[in-house]
Structure formats: C-alpha cells, structure tokens
Amino acid sequence: MKTRITELLGIEYPIVQGGMMWVGTADLAAAVSNAGGLGIITALNHPTPEELSKEIARCRQMTTKPFGVNVTVLPAIKPPPYEEYLKAIIAGGVKIVETAGRNPQPFMSAFKQAGIKVIHKCTSVRHALKAESIGCEAVSVDGFECAGHPGEDDVTNLVLLPAVAARVSIPILASGGIGNGYQMAAAFALGAEGINMGTRFVATQEAPVHENVKQALVDADERQTTLIFRTLNNTARVFNNKIAEQVLSIEAQPGDTNFADIQPLVAGTRGRKAVLEEGDINGGVWAAGMVMGLINDIPTCEVLLKRIVAEAREAAEKSVSLLRGS
Ligand SMILES: Cc1cc2nc3c(=O)[nH]c(=O)nc-3n(C[C@H](O)[C@H](O)[C@H](O)COP(=O)(O)O)c2cc1C
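Residues numbered from 1 in each chain as written. Predicted model: local features only at pLDDT ≥ 70, side-chain atom pairs only at ≥ 80, totals over all residues.

Trainee: Where do I start with the overall build of the protein in this structure?
Mentor: Regarding its fold elements, the protein presents 14 helices and ten strands. In terms of its C-alpha atoms, the protein occupies a principal-axis envelope of roughly 55 × 45 × 35 Å. When each of the 326 residues of the protein is scored for burial, the buried share is 47%. Taking the intrachain contacts of the protein between residues at least 6 apart in sequence as the baseline, contacts between residues at least 24 apart amount to 62%. (Helix = DSSP H or I, 4+ residues; strand = E, 2+ residues; numbered from the N terminus. Buried ≥ 20, exposed ≤ 12 C-beta atoms within 10 Å, placed from the backbone. Contact = placed C-beta atoms within 7 Å.)

Trainee: Explain the site of the ligand to me, please; I cannot follow it from the model alone.
Mentor: Among the 30 residues in the neighbourhood of the ligand, the closest are listed as Gly18, Ala100, Gly198, Thr199 and Gly289. Within the residue set of the shell around the ligand, elements represented by two or more residues are strand 3 (67-73), strand 8 (194-197) and helix 9 (199-202). The biggest single contributor to the shell around the ligand is helix 9, with three residues. Counted by class, the shell around the ligand contains 13 nonpolar, 13 polar and four charged residues. (Near = placed C-beta within 6 Å. Nonpolar A, V, L, I, M, F, W, Y, C, P; charged D, E, K, R; others polar.)

Trainee: Can you help me understand the domain arrangement of the protein in this one?
Mentor: Partitioning the protein into domains gives domain 1 (4-208 + 298-324) and domain 2 (225-287). Domain 1 and domain 2 are separated by 24 Å when their C-alpha centres are compared. For the side of domain 1 that touches domain 2, the per-class residue count stands at five nonpolar, two polar and one charged. (Domains from an automatic or database assignment.)

Trainee: Just checking my understanding: could you explain unusual backbone geometry for this structure?
Mentor: Most of the time, phi is negative for any residue but glycine, and the peptide bond is trans. The backbone of Asp154 shows a phi angle near 60°, a positive value even though the residue is not glycine. We note that Asn233 has phi near 60°; this positive angle belongs to a residue other than glycine. On the secondary structure map, Asn233 appears in the loop between strand 9 (225-228) and strand 10 (236-239). Look at Asn233 and you get exposed, because 9 C-beta atoms sit within 10 Å.

Trainee: What is the right way to look at the environment of Ala131 in this model?
Mentor: With respect to the secondary-structure elements, Ala131 resides in helix 6 (residues 125-133). On the basis of neighbour counts, which here come to 27 C-beta atoms within 10 Å, the residue Ala131 falls in the buried class. Along the sequence, Ala131 and Gln105 sit 26 residues apart, while their C-alpha atoms lie 8.3 Å from each other. Contact partners of Ala131, with chain neighbours within four places excluded, come to His120, Cys122, Cys136 and Val139.

Trainee: What is the right way to read the nonpolar core from this model?
Mentor: Soluble globular proteins: nonpolar side chains tend toward being buried together. Counting 95 residues, the largest nonpolar core has Val139, Val141 and Leu173 as its most contacted members. Examining the composition of this core, we find that six residues originate from one element, helix 2 (residues 26-34), more than from any other. Excluding its chain neighbours within four sequence positions, the residues that come into contact with Val141 are Cys122, Ala128, Leu160, Leu161, Val164, Ile172, Leu173, Ala174 and Ser175. (Core = buried A, V, L, I, M, F, W, Y, C linked by C-beta atoms within 7 Å.)

Trainee: Honestly, the environment of Val209 in this entry has me stumped. Any pointers?
Mentor: Tracing the backbone through its elements, the reader meets Val209 in the loop between helix 9 and helix 10 (211-219). Judged by C-beta crowding, with 22 C-beta atoms within 10 Å, Val209 ranks as buried. Placed 60 residues apart in sequence, Val209 and His149 show a C-alpha to C-alpha distance of 20 Å. Beyond its immediate sequence surroundings of up to four residues, Val209 is in contact with Val23, Val202, Lys214 and Leu276.

As structure tokens, then:
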C-alpha cells in the first residue's frame, strides 16, 4: 500500500495505533510497528520524563521500524512537565509525535527543529484547519464513535471525514469506530489515506491488559459504551459499567457537576489497576469505543494488520464491481 501516510511515516501499511493511557506501552507499539503499521507509546503512561526515555529505549530494542510517541494535553489540576517530556522524546530520537487535546502550537518549533513530524488528533473541521495552519504534517480525525475524548460536537465519521477532507490538504487518518478493512476502504472513499485505531488494538495478544478486558470487548456489542463528563464539557466515551453508571447519576443531579464528587470514582489508578491489570471490568472507568460491536477475536497485531489490508482490498474490488454494475 502506498498513500501519503505511508510515505510520511515510512511504514508499510497506513495503519496507526493511537496513544492509549496504560495500554500504549513499548510492547504494543513495537508489535504494531513490526507488523508494518505505526505503533505509538503514550508519554503520560510514565510518571516522569526519565521513565519515558527508558520506554523509548526499550521500544528500540524490540523494533527497528518507525514508532511514535503520543503527547496528550488535557485539563489537569497539576499539569505534567510537558517541556521535559518533549526533551525526552527529542533526545530519544523519536521522529513522529501524535498530539491530542489542546492546540500543540507551543511545542511546534521544538518539534520542527528536531525534524519531528506531528500528527494532531482532531474532532472537528475547525481543529483540523488549525492543525494544518500551524504546520502539522497530518491530522487524525476522531469521529464521535471513538473511545476516549470525542469532543463536544457529536459528528460521526461518515460526515466528519469528508467535511475535513474538503477543507484541508494535509493527509488524513480516519480514527474512531474502525476495526476492520471494510471500514478502512470506506474511510479511503471518504478522503482518508490511513486509519488510526484504539479499541481494536486493546483486543490483541500483545496489548498489556488483563484477558478479561480483551474478552469483554469481544463479548460486548456496539451499544455497550457510554458518555461521561458531558456536564464538564470534557466528554469521554467509556465502557458502560457500574462505575460509569454511578458517574452518570452524579452528573444527572441538578446544578453544576462538582468534579470533586466524581473524582474518587474515576481516579486513574482504579481504571489502571482494578480493570486493566486485575481484570475487574466493573472496577473503574476505562475508555472503549463503539467498534467493540465489531470485535470478535483477539489476534496478534500481525494477523490483524494483514487481515485488515486483505479486507480493504476485497471491499474496494466489491465496491468497484457494484458501482460499475458488473
Ligand atoms: C484504553 C484507551 C485509552 C486511550 N487513551 C488515550 C490517550 O491517553 N490519549 C489520546 O490521545 N487518545 C487516547 N485514546 C484514544 C485513541 O488513541 C484513539 O483515538 C481512539 O481509540 C480511536 O477510536 P476507536 O477506539 O474507536 O478506535 C485512548 C483509547 C483507548 C481505547
């Protein structure tokens, strides 16, 4: 496959594993990169920039292929030392960064000087235009279906992708709701030149999460996500479980939601330890997307990527023959 995304990132297949808190480790990133896609380590998985440096070095031992680092800038009571994380990324020789959350403009000159290519994750046309104007090399367009933060506009990819493609000229990764090659072919028809997946990669052999989490994704259908933090203007799509229901009942109370009331329920440690490490599906909130309704197995990354490419080609041929009436 050859698209502007494969050329830009130096990869075989235009398939990217998006940054994932607690899941996007060197093990998963290296597995995706070795399978011909682009694996991404999540910077904030690491409590200090020094630990991120070690993870970058560990990834290099597992793959000689390109990989990236995700830098997510979200509202925080005590923001992490982003500048220090950037230094670790640059010193580690990483050449691809996926930014998410706030506008990455403050970091762009440092990225450019280090020859780093920036993919910015966007949930709207206006954010994609902004990303292009500040010099990002590509945008990852997260539709409303996505796990994690879909923004507040609620536009799904069937509309969002062509809307972005009509306005920007940099290459687009379709992100959110994608788990197979039929969807990849559809995304290409809508203007994308690659795909970015999160939830689908959680249900792979190499994802560093408890088997119960992977099996929950296989067992669930597409209705088993819910949206929390809507009242805080920081919407997050998560697996619909008991804790998410408790959060929603607090948010449903009259008056402004006080984050302090929710915080003990959504503490990161609960999601990481109880759910992802120990496999208690109801132990905390954990990001998951509607695509779980299309996930039926737990393959290796290599099997998954090869299958997606084969499905995409099959879908393209089928579409052509349907459109030509042959
Ligand atoms: C468990 C999990 C954690 C995530 N954490 C982050 C994160 O820290 N930063 C980020 O930019 N995106 C994060 N995402 C979003 C993914 O990078 C990706 O944009 C999203 O999963 C795409 O939607 P999909 O799950 O339908 O494929 C996370 C997704 C999941 C499933």
